Amino acid sequence: MLIGKVGFFMIRAILVDDEKLALQLMERKLNDLGSVEVVRAFTDAESVIRELKDLDFQVAFLDIELAGISGLDLAEIIQEWNSAIHIVFITAYRDYAIQAFELASIDYLLKPVLISRLEKTITRIQDQLLLKNGTILPNKKQPSTSLKIICFNEFGVYHNEEPVKWKTAKVKELFALFITHLHTYLNRDTIINTIWPDHDYDKAKIQLHTCISHLRKMLDSLGFKGSLLFSNQGYTLELDNFYCDAIEFERLIERNPIVKKENIKELETAVLLYTGEYMENNHYEWTKVKMQTTREKLFQLLQKMIDYYTKEKQFDKKKHYLHILLKYNPYSEHALRQLMIHYSDEGNRGDAVKIYHEFLTHLQTDLGMLPDQTTIRLYESILKG
């Protein structure tokens, strides 16, 4: 996958496996992909059948070797109830493959399920759902857009889905700087001080001119002739008709300042676009400010979504986005307290205590600190019930 993580929108799924450990492992793998919402996990087919009419899901991951009603029989029942449901069979035996595909399952996974294989399955499901709905995802390549730029996690540039080959690492870094400051004038000396801060000025100026020449040739070859402009001892990149995950992320947030029913799916897409810090794996010193501002936009968006799902009483969604908030902001006591209260309110004191101790360990190990008194008092009140 080009963006490091499967997922452009959330797929609702149920899991069925009578082995609890296998069920938990599969749920964890799907959650790690970030684009699957596990609606329910079942250990027997009878419970699924009883609750079918109350479940809202698009995909069923079924272990074939279930006690009582088999996964194959359960698949027939589910598809009789709703033929639009996609079935993914999971088994330790290859012998079931023919039967599985006779039932028009979308895929067939062998245990132990590899995450790379699971990613392909999710992508296949997404494509089928989009085909059925006649929808084009915002971060799928449009027919007129051949250039794709990925800024989250690791900077990458792709033309017609093939990675662009760079003349040197500095040419790539220079393009990353221009993308970060797209349509913005950058003085030549500012560029030199940013990318060659420790070099002799005259030598750095020669390197800049060489890199600019290589970059122009590369852009020309990709069909973006004349996009890198020079004026008044500086440069501006004027680039249009391309896709960039970070630009799309910011566009979705700016277009939807208030979270509401009409735009919540777009904002969920924005969260999925954020697959890591801004160019974090490239270790460009100059990205720190952009990294921080983008991170803050994510935190603010996640809190708005958490507040929205709290108001709408969609508590599973609230919990999901609280976990994402803590993932990217692991020292946020505000997020921790919200999640602890959520677990406590649903009668799950064990998980509330568990996440507190995990947070405490990270805080002491990484920062040598203790939680503040508000968090400690909340923890003590939960312990007392």
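The rules behind the values
- Residues numbered from 1 in each chain as written.
- Predicted model: local features only at pLDDT ≥ 70, side-chain atom pairs only at ≥ 80, totals over all residues.
- Heavy atoms only, no water.
- Helix = DSSP H or I, 4+ residues; strand = E, 2+ residues; numbered from the N terminus.
- Buried < 20%, exposed > 50% of the residue type's maximum accessible area, 1.4 Å probe, protein only.
- Contact = heavy atoms within 4.5 Å.
- Areas by Shrake-Rupley, 256 points an atom, 1.4 Å probe, with all protein chains shown as cover.
- Lys, Arg positive; Asp, Glu negative; His and termini not counted.
- Charge placed at Lys NZ, Arg CZ, Asp CG, Glu CD.
- Phe/Tyr/Trp six-rings, centres within 6.5 Å; stacked < 30°, edge-to-face > 60°.
- Core = buried A, V, L, I, M, F, W, Y, C linked by side-chain atoms within 4.5 Å.
- Pairing = 2+ DSSP bridges.

(A) Region of interest: the overall build of the protein. Within the protein, the secondary structure is distributed over 15 helices and 12 strands. The principal-axis extent of the C-alpha atoms belonging to the protein is close to 80 × 60 × 40 Å. Looking at the protein as a whole, 49% of its 385 residues are labelled buried. Contacts in the protein between residues far apart in sequence, at least 24 positions, make up 62% of those at least 6 positions apart. Accessible area of the protein: about 19,700 Å², with a carbon and sulfur share of 52%. Here the protein contributes 48 positive and 54 negative side-chain charges, whose respective centroids are spaced 4 Å apart.

(B) Up close: the packing of aromatic side chains. This model, assessed by the stated rule, comprises 13 aromatic pairs. On the basis of an interplanar angle of 5° and a centroid distance of 5.9 Å, the ring pair of Tyr309 and Tyr321 is categorised as stacked. Separated by 12 residues along the polypeptide, Tyr309 in helix α11 (residues 288–311) and Tyr321 in helix α12 (residues 315–328) bring together distant segments of the chain. For the pair Tyr309 and Tyr321, one class covers both residues: buried. Ring centres of Tyr356 and Tyr379 lie 4.0 Å apart, and the angle between their planes is 15°; this geometry places the pair in the stacked category.

(C) Summary view of the nonpolar core. Judged by nonpolar contacts, the single largest core of 86 residues is most densely connected at Ile149, Phe175, Phe178, Ile191 and Leu239. Among the elements that line this core, the one with the most residues is α11, at 9 residues. Not counting residues up to four positions away in its chain, the partners in contact with Leu239 are Leu147, Ile149, Phe175, Ile179, Leu182, His183, Phe224 and Ser227. With 20 residues, the next largest nonpolar core counts Ile14, Leu66, Ile78 and Tyr108 among its residues.

(D) Representation of the sheet that holds strand β9 (residues 186–187) within the structure. Taken in spatial order, the 3 strands of this open sheet run β9-β11-β10, and their pairing is antiparallel. Taken across any chain shown, the strands that pair with only one partner, and hence form the sheet edges, are β9 and β10 (228–231). Where β9 lies against strand β11 (residues 234–237), 2 bridges are found, and the strand directions are antiparallel. Within β11, the position partnered with Leu186 by the bridge is Tyr235.

(E) Structural context of the environment of Glu80. Counting through the fold element by element, Glu80 comes out in helix α3 (residues 71–81). The class for Glu80 is exposed, based on a relative accessible area of 69%. In the structure, Glu80 is positioned 294 residues away from Thr374 in sequence and 53 Å away in space, judged by C-alpha atoms.

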